[in-house]
Number of protein chains: 2
Amino acid sequence: MKGAVPRLVAELPTLPPEEMRDGTAGRILATGLLLFARNGYHGTSIRDIGEELGLKPANLYDHFRSKEHLLAELVRIGHAEHLRAMQAAVVRADGPIAQLQALVRAHVRIHAEYAMLATVATSEMHALSPELVAPALALRRQAEALLREVVARGVAAGVFDPPHAWVATAAIGGMGIRVSFWFPGDQGLTIDQVADLHAELALRMMTPRPGAR
Amino acid sequence: MKGAVPRLVAELPTLPPEEMRDGTAGRILATGLLLFARNGYHGTSIRDIGEELGLKPANLYDHFRSKEHLLAELVRIGHAEHLRAMQAAVVRADGPIAQLQALVRAHVRIHAEYAMLATVATSEMHALSPELVAPALALRRQAEALLREVVARGVAAGVFDPPHAWVATAAIGGMGIRVSFWFPGDQGLTIDQVADLHAELALRMMTPRPGAR
DNA sequence: GTCTATATGTTGATAGAC
DNA sequence: GTCTATCAACATATAGAC
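Model, not experiment: these values are computed from the prediction. (Residues numbered from 1 in each chain as written. Chains lettered and ligands numbered in written order. Predicted model: local features only at pLDDT ≥ 70, side-chain atom pairs only at ≥ 80, totals over all residues. Heavy atoms only, no water.)

1. A short note on the protein's contact with DNA strand C
In the vicinity of DNA strand C lie 15 residues, with Ile46, Tyr61 and Lys67 of chain A together with Asn59 and Asp62 of chain B positioned nearest. Measuring from a phosphate oxygen of DNA strand C, one finds a side-chain N or O atom of Lys67 of chain A at 2.7 Å. Between Lys56 of chain B and DNA strand C, the recorded distance is 3.2 Å, taken from a backbone N or O atom to a phosphate oxygen. Looking at the surface near DNA strand C residue by residue, the classes come out as five nonpolar, six polar and four charged. (Near = heavy atom within 4 Å. Polar contact = N/O pair within 3.5 Å; in protein donor to acceptor, adjacent residues only side chain to side chain. Nonpolar A, V, L, I, M, F, W, Y, C, P; charged D, E, K, R; others polar.)

Below you can see the structure in the form of structure tokens.
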């Protein structure tokens, strides 16, 4: 038996419109996302995916070269969408404070709006072989660099004063990643509210407490 | 192929001394931990575990009732050790500030020192059936309650002013959970340093920025 | 405690008809 | 595009000898 405690709260396999495909390929993509998010890559068989769609296992191979290629495509889409949102965020903002706010909002928004995609992209990428994971990995490094650079600029400008820039950046990334598991939760929070709250928390991390040694 | 990008940086399947077992059972426990942490529960076969130990698959069933029971034991141990550390932390500290510091330190310490155990406990618990996950789930709820109560007490006392108590608590939990994936990292940080840094970040989350609306 | 041997089901993937 | 049929490998688990 599997799935006693759900891995994530989200129930819909939302995909970015610009990455969605027509017809059966698109339905396989969405169903693979749903099942990989719930049960993991190794916990999902191509038969599971087929049954969910009323298809036979063999049909999958008319649209994707292998089960691993299906996962690779989802992982790539997730990282591409994440980087796209992060890049758009920095461009639109001026100065370290506004840029950090924008980056954290974008980071959290992606993890809330595309909770399943984000879960699969980060939690299942380790199931991929070196060749198939490479594109996503390159995108991931760029997104991380974006966040590190904004923090570094803020520190250099004397606007940010984190106790440790690298750890603070990891913490900001980590709390955002976690959102994809609990959102929407039972607090009645919208995506924008969660994004704004995390942006505020991130800014506080950059600001010394009065009276702290 | 699997494991192109490692799921976590830690390489040793450390178990709490008081939960360790003698002889073959203990070696199976440690090896199960190692492989479940690296490749996931569904990505690991009992043959993989046997081969790593120079044993035949059948031997596992002399020590554990099933593969799932082996995972359940690891998940239970992880959550038990986590709660134990959290409880010891609150007891030793006085007042919301010291208690939050102590809790976050304990939370992060567990995720750094027992990185594989923490990874398996949180990332693989969803593979367990309702009966087998129940004990760990109960422990998890207690640990979460501990953190929420300390934050609530700090807010009630006027010492903490988070933008949103529930989200801030989730964020503190999330950044700690992430530590088990990247620690020890390449920054040359000790467990104590990472723990202290996260405690400081958590306290900052509770403290309004000067001039913020 | 560990072994051999095996039962029984499921896996990812392919070939070829319609 | 979808189907049936099938393969070879692998899965978890058990029985019983040493």
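Having seen the model, we can carry on.
2. Considerations on the packing of helix α3 (residues 67-92) of chain A against helix α5 (residues 115-123) of chain A
All names here are of chain A. Interaxial distance between α3 and α5 falls to 8 Å at its minimum, and their mutual angle equals 110 degrees. Here α3 is positioned roughly perpendicular relative to α5, judged by the angle of their axes. The handedness of the crossing between α3 and α5 is left-handed. Contact residues: Leu71, Leu74, Val75, Ile77, Gly78 and His79 in α3; Leu117, Val120 and Ala121 in α5. Per-class residue counts for the contact of α3 with α5 are seven nonpolar, two polar and no charged. (Axes fitted to C-alpha atoms, helices over the stretch in contact; angles between N-to-C directions. Helix = DSSP H or I, 4+ residues; strand = E, 2+ residues; numbered from the N terminus. Parallel < 35°, antiparallel > 145°, perpendicular 65-115°, else oblique. Left-handed = near helix turned anticlockwise from the far one by under 90°. Contact = heavy atoms within 4.5 Å.)

3. Remarks on the packing of aromatic side chains
Residues and elements named next belong to chain B. Under the counting rule described, the total for this entry stands at six aromatic pairs over all chains. Their ring planes at 65 degrees and their centres at 5.4 Å tell us that Phe36 and Tyr41 sit as a pair that is edge-to-face. Both residues of the pair, Phe36 and Tyr41, count as buried. Pairing Trp182 with Phe183 gives two aromatic rings, centres 6.3 Å apart and planes at 55 degrees, and the pair type is tilted. (Phe/Tyr/Trp six-rings, centres within 6.5 Å; stacked < 30°, edge-to-face > 60°. Buried < 20%, exposed > 50% of the residue type's maximum accessible area, 1.4 Å probe, protein only.)

4. Section: the protein's contact with DNA strand D
Near DNA strand D lie 17 residues; those nearest to it are Asn59 and Asp62 of chain A together with Arg47, Tyr61 and Lys67 of chain B. Counting only atoms of DNA strand D within 4 Å of the protein, the fraction found in sugar and phosphate groups is 58%. Between a phosphate oxygen of DNA strand D and a main-chain N or O atom of Ile46 of chain B, the distance comes to 3.0 Å. For DNA strand D, a phosphate oxygen lies 2.9 Å from a polar atom in the side chain of Tyr61 of chain B. Here the surface near DNA strand D is built from residues that sort into five nonpolar, seven polar and five charged.

5. Concerning helix α5 (residues 115-123) of chain B
Of all nine residues in α5 of chain B, eight are buried, a share of seventy percent or more. Next to the buried residues of α5 of chain B lie α1 (23-39), α3 (67-92), α4 (95-113), α6 (130-156) and α7 (165-182) of chain B.

6. Quick look at the side chain of Arg178 of chain A
Tracing the backbone shows Arg178 of chain A in helix α7 (residues 165-182). Buried charged residue Arg178 of chain A carries no salt bridge. Nearest counter-charge: Glu144 of chain B, at 6.7 Å. Discounting chain neighbours no more than four positions away, the residues touching Arg178 of chain A are Arg140, Gly174 and Ile177 of chain B. (Lys, Arg positive; Asp, Glu negative; His and termini not counted. Salt bridge = Lys/Arg side-chain N within 4 Å of Asp/Glu carboxyl O.)

7. A closer look at the interface of chain B and chain A
In many reports, interface size means the accessible area that the parts give up when they come together. Counting from both sides, the interface comprises 47 residues of chain B and, opposite them, 47 residues of chain A. When chain B packs against chain A, the two sides together hide about 4,300 Å² of surface, and 69% of this comes from carbon and sulfur. The largest per-residue losses of area from chain B upon contact with chain A belong to His126, Arg204 and Arg209 of chain B, which jointly make up 18% of the total buried on that side. Remark: the boundary between chain B and chain A carries two salt bridges. Salt-bridge contacts for Glu200 of chain A lead to Arg209 of chain B; the nearest nitrogen and oxygen are separated by 2.8 Å. The interface formed by chain B and chain A holds 12 residue pairs in polar contact (both at pLDDT 80 or more) in total. Among the secondary structure elements, those contributing two or more residues to the side of chain B that touches chain A are α6, α7 and α8 (191-205) of chain B. (Buried area = accessible area lost by both parts, 1.4 Å probe.)

8. Let's talk about the pattern of salt bridges
All names here are of chain A. Taken as a whole and assessed by the stated rule, the structure comprises 26 salt bridges over all chains. Residue Arg7 is joined to Glu124 by a salt bridge in which the shortest nitrogen-to-oxygen separation is 2.5 Å. Pair noted here: Arg7 is in the segment before α1 (23-39) and Glu124 is in the loop between α5 and α6 (130-156), with a separation of 117 residues, a long-range link. Look at Glu124 and you get buried, because its relative accessible area is 8%.

9. Considering the packing of α1 of chain B against helix α2 (residues 46-53) of chain B
All names here are of chain B. Contact geometry for α1 and α2: axes closest at 10 Å, N-to-C directions at 120 degrees. Between α1 and α2, the crossing angle belongs to the class labelled oblique. At the point where α1 passes α2, the crossing takes the right-handed sense. Counted together, Arg27, Ile28, Thr31, Gly32, Leu34, Leu35 and Phe36 of α1 and Asp48, Ile49, Glu52 and Leu53 of α2 form the full contact between these two elements. Considering only residue class, the contact of α1 with α2 consists of six nonpolar, two polar and three charged.

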